[in-house]
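Given next are the chains, with one letter for each unit.
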Amino acid sequence: MTALDEHPSTPAAEIGRDRRRKEDQRLITGRTRWTDNIVLPGMLHLAMVRSPFAHARILSIDTSAAAEAPNVVSVITGRDVAEEQGGLPNAWPITPDQVTPVHPPIAVDRATFAGEVVAVIVARSAAEARDAAELVDVDYEELPAALDLRAAVEEGAVLAHPDLGTNKSALWVFDSGTAGTGGDVESAIAEARNGGIVLEREYRQQRLIPAFMEPRSVVVDPTGEQVTMWSATQIPHILRFLLAAVTGISESKVRVIAPDVGGGFGGKLQSTPEEFITFLLARRLGKPVKYTETRSESLVAGHHGRDQWQKLTLAATADGTVTGLKVELLADLGSYVALVGGGVPVLGAFMFNAIYKIPAYHFACQTVLTNKTWTDAYRGAGRPEATFGIERIMDELAAEVGVDPLEIREKNWITHEEFPFTTVAGLTYDSGNYEAATARAKEMFGYDELRAEQAKRRESNDPVQLGIGISTFTEMCGLAPSRVLGSLDYGAGGWEHASVRMLATGKVEVVTGASPHGQGHETAFSQIVADRLGVPFEDVEVLHGDTQISHRGLDTYGSRSLVVGGEAVVRAADKVIEKAKVVAAHLLEASVDDLEFSGGRFSVRGTDQGTSIAEVALATFAAHNLPDGVEPSLDSDATYDPVNFSFPHGTHLCAMEIDTETGELNMRKYVACDDIGTVINPLIVAGQVHGGLVQGIAQALWEEAVYDDAGTLVSGSFVDYLLPTAADTISFDIDHTITPATSNTLGTKGVGEAGTIASTPAVVNAVVDAVRHLGVHDIQMPCTPERVWKAINGASAHTPTVEAAAPHFGDADPATQGNQEGAGQ
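Because the structure is predicted, anything quoted here is derived from the model rather than measured.

1. Thoughts on the packing of helix α10 (residues 383–401) against helix α11 (residues 405–412)
Then comes step 1: Direction vectors running N to C along α10 and α11 enclose 105°, while the axes themselves pass 8 Å from each other. Comparing their axes, α11 and α10 come out roughly perpendicular. Where α10 approaches α11, its residues E391, M394, D395, L397, A398 and V401 are matched on the opposing element by P405, I408, R409 and N412.
Then comes step 2: In terms of residue class, the contact of α10 with α11 is built from six nonpolar, one polar and three charged.

2. Let's talk about the environment of G755
Then comes step 1: Turning to its location among the elements, G755 is positioned in helix α19 (residues 754–771).
Then comes step 2: Between the alpha carbons of G755 and I697 there is a distance of 9.1 Å; along the sequence they are 58 residues apart.
Then comes step 3: Setting aside residues no more than four positions away along its own chain, G755 makes contact with H652, V689, G692 and L693.

3. Some points on the sheet that holds strand β5 (residues 117–123)
Then comes step 1: Spatially, the seven strands line up as an open sheet ordered β3-β5-β1-β12-β9-β10-β11, and their pairing is mixed. Each of the sheet's edge strands pairs with one partner strand only, and the pair in question is β3 (72–77) and β11 (254–257). The average angle at which neighbouring strand axes cross in this sheet is 20°, direction not considered.
Then comes step 2: Two elements, strand β9 (residues 217–221) and strand β12 (residues 289–292), share four bridges in a ladder whose sense is antiparallel. Following the sheet pairing, V220 is matched in β12 by V289.
Then comes step 3: Where helix α6 (residues 236–247) meets the sheet, it contacts β10 (227–231) and β11, and its direction lies at approximately 150° from that of β11.

4. What about the pattern of salt bridges?
Then comes step 1: Scanning the entire structure with this criterion turns up 56 salt bridges.
Then comes step 2: A salt bridge links D319 to K411; the nearest nitrogen and oxygen atoms lie 3.7 Å apart. Here D319 is found in the loop between β13 (305–316) and β14 (322–334), whereas its partner K411 is found in helix α11, with 92 residues between them in sequence.
Then comes step 3: Here D319 falls in the partly exposed class, since its relative accessible area comes to 41%.
Then comes step 4: Across the pair R457 and E453 runs a salt bridge whose closest N-O atoms are separated by 2.8 Å. With R457 and E453 both in helix α13 (residues 447–459), this residue pair falls four residues apart, about one helical turn.
Then comes step 5: The exposure class assigned to R457 is buried, which follows from its relative accessible area of 12%.
Then comes step 6: Look at E453 and you get partly exposed, because its relative accessible area is 22%.

5. Regarding the pairing of strand β8 (residues 197–208)
Every regular strand shows the same layout, with side chains that alternate between the two sheet faces.
Then comes step 1: The element β8 is extensively covered by neighbouring structure, given that nine of its 12 residues are classed as buried.
Then comes step 2: Bridging between β8 and β13 involves 11 bridges; their strand directions are antiparallel. What sits directly across from Y203, in β13, is Q310.

What counts and how
- Residues numbered from 1 in each chain as written.
- Predicted model: local features only at pLDDT ≥ 70, side-chain atom pairs only at ≥ 80, totals over all residues.
- Heavy atoms only, no water.
- Axes fitted to C-alpha atoms, helices over the stretch in contact; angles between N-to-C directions.
- Helix = DSSP H or I, 4+ residues; strand = E, 2+ residues; numbered from the N terminus.
- Parallel < 35°, antiparallel > 145°, perpendicular 65-115°, else oblique.
- Contact = heavy atoms within 4.5 Å.
- Nonpolar A, V, L, I, M, F, W, Y, C, P; charged D, E, K, R; others polar.
- Pairing = 2+ DSSP bridges.
- Salt bridge = Lys/Arg side-chain N within 4 Å of Asp/Glu carboxyl O.
- Buried < 20%, exposed > 50% of the residue type's maximum accessible area, 1.4 Å probe, protein only.

Right under this line is the structure:
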C-alpha cells in the first residue's frame, strides 16, 4: 500500500446522509464576497434615474445640474445611447405572432412603467451618484395607463404601448381533442350539464415580488483582454451568451462570474436593464463600473411574479368522477415580455390536470401587456398557479358531492399501479405513489381526530372554527429535455454539463454548469462524487459560477440542478472510473473484465490484489507506466440532456383556526409528505421544503404587490410588502415517501419548488373549509382578516386591495381597518 492509499476500508455512504453545507462556514462568518463587496482600482458607480409615472412621454431631460455635481463623470440618457444599447431579449416567444414591444435598457421616448430607467449617473462614489440623480430634471407628459388586467383586454381599452395597437401579446392554446391526448372538453361539459356536475370558478393569483435577500448588483471590468462581469445572477452562462448576442462582442471576450448569490427564487433568472447598462458604460468609459440597487429599486423594478386571473370549468358525473376540465387564463406580463415571461403561464398548461385522470382538457392562456413592472419566473413558475386552481376546484367538487375532499381526490387520482402514466396534457409520469404519501400525511396530521374536532366546533357554534386544507400535488421540474423545450419555441436547451478532474494527490475537482444561490450544490455534489468514486467527502471541491472555469452550462432554475446537473456529474464520474479501470488493470497486470470497483478501490475478482483510485490518479499523472495508446488523464466531461421531466409529488395538510367574530387567522398545524425520489441530503432537503412552505403560505396569507390608480407601486418597501418572519410561522412536520425516478441514475426528482407549489392551496382550502358552513366558498388571496370577516358577513371577499399588503394575524379587528382593504401596519 502506498502513502496515497490511506482509505482502504469502504467509506460510509454519503447519499442519504445529513451533511451541514460546505458553503455555510464562509457565508455565516462573512468570508465570502458578494458582488457588492467587489472593489476594483478606479471603479466608478452608477445611479439610475427612474420614471415616477406608469406611462409617460419623455419630452426632455435636463442633465446639466447633475453633470456639474461633485465627482460626476458622466450622465447618460436613452437618447444618447439609442443606437448602441440594443434591446433586452425575449427567449420564449410562445406563438409566432406574439406581440413583443422593444425593451430598451434605458427608455428613449416613453416610460412604460413606474420604475423604468430614463437616465444614468456615473460618479466616483455610489453616494455621489445617487445625490446627482436627484438633480436630473425630466419633463414628462403623463399618458393614460393600462393597469387592470381584465380591463386591458376589453374593446377600447387604454393601450400600454399605443404603437402596437393592442394589449394582447399572445394566445397559447392546448386542446386534448386536437392533440389526440384526450376527448373534447365542450362535449364533456355539455354531457355533465344533463344529470352531472358543472362547476365554474374564477381565482385570482395576485402579483408577488421575489424579495430575495441580496439586492441585484453588477460590476463590469473592461480593462483586460476580456470584459469581465460579476453579477448576482442565477444564469451566468445564459447571461454571457445574451450579452454577446445583443452587443455583438465576441462571446470569447466576455467572462461572467456569479459569486456567492444571496437568493434568487426566479427573480435573478433574468438579463436585466441594469446589467446591460453597466456593461455598455464600462466599455464606453474604459473603466470598471458598479451598480447595486437599493431595496426600494429591487421591489419596484426587479421583475415580479404570478398575476393571473383564472377561470376554471370542471365537468364531473354525479358521484364526483371528473370528466373534463377547461382552463382560461389572463396573464399579466407587465410592460414588456421578459426573458421567459410569456412562457411561465404556459408551463402551467401541463399541470392543471395534476395527479388526476381527466379524460378531456382544454387550456387557453392570453398574455397581456400593462403599464406595470414586467413579470417573469417566481419560485414554481406557472406550476404553483396551476396547482392552486385545480386543488381549489377539487375542494369545490367535494363540497358539491358532499364527501370528504380526500375522498374526491382518491376517486380521481392515478393509482400507483398505473405508472408510467401518460396524462391528458401529453406528459408521461414515470413513477409515483399518491396513496402512500397521503396515508403518511394523514397519520402525521391526525386527520380523523381533527375532523372530529371540527365537527364538534361546528355543532357547538364555537366562535373559533377549525378548517382543514388539502393539497395533493405533482409538478414537472428539472426543466428539460431540449427537444420538448424546442417544441414549445423556447430559445435554449435543457441539458447540463459537468467535469470531474482527478488530481495527482487523489483529490477531486468537480466543475458544474449549474449555478447555486443557496441550494447547497457544493455539498450535495460532493456527496454524490464521494459515493461514486469512493473518496472522502472532504476531498471533493466543487467549482461553479465562472464561465472561464465552467465553460459550458445552462445554470439553475426550475428544480433542475440535481436531476439534470447532478446526473451530468454522475456520468462524468462514471467516465473517470472507466478510464481509471484501464490504467488499474495495466498496473495490476489483469484483464479489464476481471476488475471490480467498489469503495474507491479496483480489485481483481477472486484475489486480494487491488489498488485505489488515488494510486491510479498518481500513476496517470506520472505517466511512467501507462498502456499503449492511453492518454495521461482521467479527467472526464459529460453533457446530459434528459429524456423526460421529473415529477415529484406529495400531500400537504393544513389546519387553520378562524375567529368568526374578527376574521383573525391562526395556523394550528401543517404537515407535508413529499415524494422527491432519492434524497441526497435530508438536511438540505428539509431547508428547501421549509423555505418553500413559507413562501407559499405567504402568498396565501400576506404578500401582494399593490398598485394605486396611477400605477405607482404602493407596496414598495418591507413596511408595506409583508414578508413573514419566524414569529409569523409555526414548526412544520415533514416526511418523505420514496418512489425513485426512472429518468436518471440516482432516482432523484427535485425539491426546490415543491413546498411553494403545494402550500398555497392547502392554506386557502383550510381557510375556506373553516367557514364553508357559513356560506363561503372562496376568499381572494392574500386571505387577510378583513377579507375573511367580510366573507363571513356576506360582503364580497373579492374586492381589490387598494392600499398596502396584508396585516399580520394579530391585527384582525375589522373596525380598526376602515376601508383600507389589506392595509399594511
